Amino acid sequence: MGRSSTPERGRSVVKTGAIVIDTGTGRCKAGFAGQQTPKSIIGTLVGHPTEKSMRTRRDRPDTFIGDQARLEPDTDIIFPVRHGIITDWEAAEALWRHLIYHDLKAAPEDHALLMSDPPLCPTTNREKLVEVVFESLNSPGIGLVVDTGHAMTHSVPVHEGYNLPHAIERMDIAGANMTSFLMDLLKDMGHYFDERMLDVIDDIKHKCCYVALDFESEWNRPKREYMVDYQLPDGQRFSMTCQMPAVWTYHAKTKTTLIEETNKEQT
């Protein structure tokens, strides 16, 4: 996260394999192909100083990238992605440039770009993505992958190297739903949070929760074996048991309910 910038003249630029960028609704991740984890993760938001603040502080940068934008006073915030679809291309490109130049210290013209792209995305969006990658970022190549992120989940069957469009499914249940449900679980445990503290809940989810490889085994473990501590931004600490397996149950029940209601309407 931080202010947008491009490499200074003469500064060394890393040359390696393809750059992978996953532009999610809530978070934008970037790294190099072959690495197990992203090298940079920032909030998918861009900030611009208000006209009034620019008149009084002419030395302010004109763009703030990621979570830094939330910390800057008198700033207009832009969320360039809605439900996985890019709606503000100028802001999205600012994010990508920051990730590539500032965080990865690379030059897009030296790397193929592997960009996430949700299935069933409008063709016009995909065409615009290719245009930005080739004409604006000057990348020598591009690839597209499916995405499961903050706002939605896709299921894309692949057979002998080809996806099966007729079998693709989309479900608007993903990370944001888990964050909201975790907030409800914490409330049941006596910890009060509201919608203004979703960033804190999201941080708890990432730092304290995990996906169980063996669901039944994890569910039957004594609670004392997975007590975790978390420190709030105000310095307070509290302990909690890991109840996130309930989230998966919640999602499954929600999906089943939706299917049942749809079938009833059709009959």
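Residues numbered from 1 in each chain as written. Predicted model: local features only at pLDDT ≥ 70, side-chain atom pairs only at ≥ 80, totals over all residues. Heavy atoms only, no water.

- As recorded in an unreviewed UniProt entry, the protein goes by the name Actin-like protein 9, listed as coming from Thamnophis sirtalis.
- UniProt lists a comment for the protein under the heading Sequence similarities (unreviewed entry), and it reads "Belongs to the actin family." (UniProt positions renumbered as here; feature names shortened; annotations may be inferred.)

Re unusual backbone geometry
Okay, step 1: We note that H83 has phi near 50°; this positive angle belongs to a residue other than glycine.
Okay, step 2: Within the element layout of this structure, H83 appears in the loop between β8 (81-82) and β9 (85-86).
Okay, step 3: For H83, a relative accessible area of 47% corresponds to the partly exposed category. (Helix = DSSP H or I, 4+ residues; strand = E, 2+ residues; numbered from the N terminus. Buried < 20%, exposed > 50% of the residue type's maximum accessible area, 1.4 Å probe, protein only.)

Comments concerning the pattern of salt bridges
Okay, step 1: Here the structure, examined in full by the defined rule, presents eight salt bridges.
Okay, step 2: The salt bridge involving E93 is made with R97; its shortest N-O contact spans 3.0 Å. On the criterion of helical spacing, the pair formed by E93 and R97 is a turn pair, its members being four residues apart in helix α3 (residues 89-103).
Okay, step 3: Overall, the relative accessible area of 17% leaves E93 in the buried class.
Okay, step 4: Salt-bridge contacts for D203 lead to K207; the nearest nitrogen and oxygen are separated by 3.3 Å. Here D203 and its partner K207 are both found in helix α6 (residues 198-208), four residues apart, which amounts to about one turn of the helix.
Okay, step 5: Judged by relative accessible area, which is 61%, K207 ranks as exposed.
Okay, step 6: Taken together, the shared-partner salt bridges connect R27, D67, R70 and D199 into one network. (Salt bridge = Lys/Arg side-chain N within 4 Å of Asp/Glu carboxyl O.)

Thoughts on the environment of L182
Okay, step 1: Inspection of the secondary structure puts L182 in helix α5 (residues 175-188).
Okay, step 2: Separated by 19 residues in sequence, L182 and I201 have C-alpha atoms that sit 7.2 Å apart.

Digging into α3
Okay, step 1: Its 15 residues place the ends of α3 20 Å apart at the C-alpha level, agreeing with the 21 Å of an ideal helix rising 1.5 Å per residue.
Okay, step 2: With twelve of its 15 residues buried, α3 lies for the most part within the structure.
Okay, step 3: Along α3, the residues that are buried comprise W89, A91, A92, E93, A94, L95, W96, H98, L99, I100, Y101 and D103. (Expected span 1.5 Å × (residues − 1).)

Here's the deal with the side chain of D67
Okay, step 1: Mapped onto the secondary structure, D67 falls in the loop between β6 (64-65) and α2 (68-71).
Okay, step 2: Only 2.8 Å separates the side chain of D67 from the side chain of R27, close enough to count as a polar contact. (Polar contact = N/O pair within 3.5 Å; in protein donor to acceptor, adjacent residues only side chain to side chain.)

Examining the environment of E93
Okay, step 1: Residues E93 and S136 lie 43 residues apart in sequence; the distance between their C-alpha atoms is 8.7 Å.
Okay, step 2: If near-sequence neighbours (up to four positions away) are discounted, E93 is found in contact with V132, S136 and L137. (Contact = heavy atoms within 4.5 Å.)

Structural notes on the nonpolar core
Okay, step 1: Among the nonpolar cores identified, the biggest contains 26 residues, and I19, I21, W96, L113 and M115 are the most heavily contacted of them.
Okay, step 2: When residues of this core are traced back to their parent elements, those giving at least two are β2 (19-23), β3 (27-32), α3, β10 (113-116) and α4 (123-136).
Okay, step 3: Per-element tally for this core: the top contributor is α3, with eight residues.
Okay, step 4: Residue contacts for I21: discarding those within four places in its chain leaves C28, K29, A30, W96, L99, I100, L114, M115 and S116.
Okay, step 5: L186, F193, C208 and C209 belong to the second largest nonpolar core, which has 15 residues in total. (Core = buried A, V, L, I, M, F, W, Y, C linked by side-chain atoms within 4.5 Å.)

Focus: the pairing of strand β5 (residues 46-49)
Okay, step 1: Of the pairings in the sheet, the one linking β5 to β6 comprises two bridges and is antiparallel in character. Bridging from a neighbouring strand, V46 pairs with I65 of β6.
Okay, step 2: Across four bridges, the pairing between β5 and strand β7 (residues 75-78) is antiparallel. Paired with G47 across the bridge in β7 is I77. (Pairing = 2+ DSSP bridges.)

Some points on the packing of α3 against α4
Okay, step 1: Two numbers describe how α3 lies on α4: the axes approach to 12 Å, and their chain directions differ by 45°. It follows that α3 is oblique to α4 by the angle criterion. Crossing handedness for the pair α3 and α4: right-handed. Along its contact with α3, which presents W89, E93, W96 and R97, the element α4 presents N125, K128, L129, V132 and S136. (Axes fitted to C-alpha atoms, helices over the stretch in contact; angles between N-to-C directions. Parallel < 35°, antiparallel > 145°, perpendicular 65-115°, else oblique. Left-handed = near helix turned anticlockwise from the far one by under 90°.)

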